[in-house]
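Chains, contacts and geometry: an overview
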Amino acid sequence: MTTLHQEHPTHEHMHGEGCGHPSVTHGDHVDYAHDGHLHRAHEGHWDECEPAGHQAHEGHEHMHGEGCGHQAVPHGDHIDYVHDGHRHAEHDGHWDDH
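What this report covers is the structure whose coordinates are included nearby. Just so we're clear, the structure is a prediction, and the values are computed from it rather than from any experiment. (Residues numbered from 1 in each chain as written. Predicted model: local features only at pLDDT ≥ 70, side-chain atom pairs only at ≥ 80, totals over all residues. Heavy atoms only, no water.)

Considering the sheet that holds strand β8 (residues 86-91)
Taken together, the four strands give an open sheet; going across it, the order is β6-β7-β8-β9, and neighbouring strands pair in antiparallel fashion. Of all the strands in the sheet, the pair left with one neighbour each is β6 (72-75) and β9 (94-97). Going across the sheet, the axis of each strand differs from the next one's by a mean of 40°, ignoring polarity. In the sheet, β8 pairs with β9 via four bridges, with the strands oriented antiparallel. Residue pairing in the sheet places H91 in a bridge with H94 of β9. (Pairing = 2+ DSSP bridges. Helix = DSSP H or I, 4+ residues; strand = E, 2+ residues; numbered from the N terminus. Axes fitted to C-alpha atoms, helices over the stretch in contact; angles between N-to-C directions.)

Dropping the structure here:
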């Protein structure tokens, strides 16, 4: 899955440990959930870290929700759950990889 390179030009807040926003390890970097979307540091600025396209997570039988034991991350109009090193979002009766 690829992500779009979309710079977040007006992002003045510095993310890091203790900044108050949920952090999510994502491949070789860390995303921070802020204002309903995810940011990542990139070459001296912050990028939006959003998936390109729709990718269903096949064979995901675990149901996420309150008390499931996985980190919940607000993302737009839904909640992602961090599971096995990536984020899952419920979508049309299945779970998507984000």
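Following the structure, the description resumes.
With respect to the pairing of strand β2 (residues 23-26)
Because side chains alternate across β2, one face comprises the buried residues V24 and H26, and the other comprises S23 and T25, none of which is buried. By the bridge criterion, four bridges tie β2 to strand β3 (residues 29-34) in an arrangement that is antiparallel. For H26, the partnering residue across the bridge sits in β3 and is H29. Turn length for the β2-β3 hairpin, with the two strands adjacent in sequence and antiparallel, is two residues, and the turn residue G27 shows positive phi of about 65°. (Buried < 20%, exposed > 50% of the residue type's maximum accessible area, 1.4 Å probe, protein only.)

Considering the environment of E90
With respect to the secondary-structure elements, E90 resides in strand β8. For the pair formed by E90 and D80, sequence separation is ten residues and the distance between their alpha carbons is 7.7 Å. Excluding residues within four positions of it along the chain, E90 makes contact with M63 and W95. (Contact = heavy atoms within 4.5 Å.)

Description of the side chain of H64
Looking at where H64 falls in the secondary structure, it is placed in the loop between β5 (45-48) and β6. The class for H64 is buried, based on a relative accessible area of 10%. Within the structure, H64 has its side chain in polar contact with the side chain of H70 (distance 3.5 Å). In terms of polar contacts, H64 uses its side chain to reach the side chain of H88, at 3.4 Å. Residues contacting H64, with those up to four places away along its chain left out, are H70, Y81, H83, H88 and W95. (Polar contact = N/O pair within 3.5 Å; in protein donor to acceptor, adjacent residues only side chain to side chain.)

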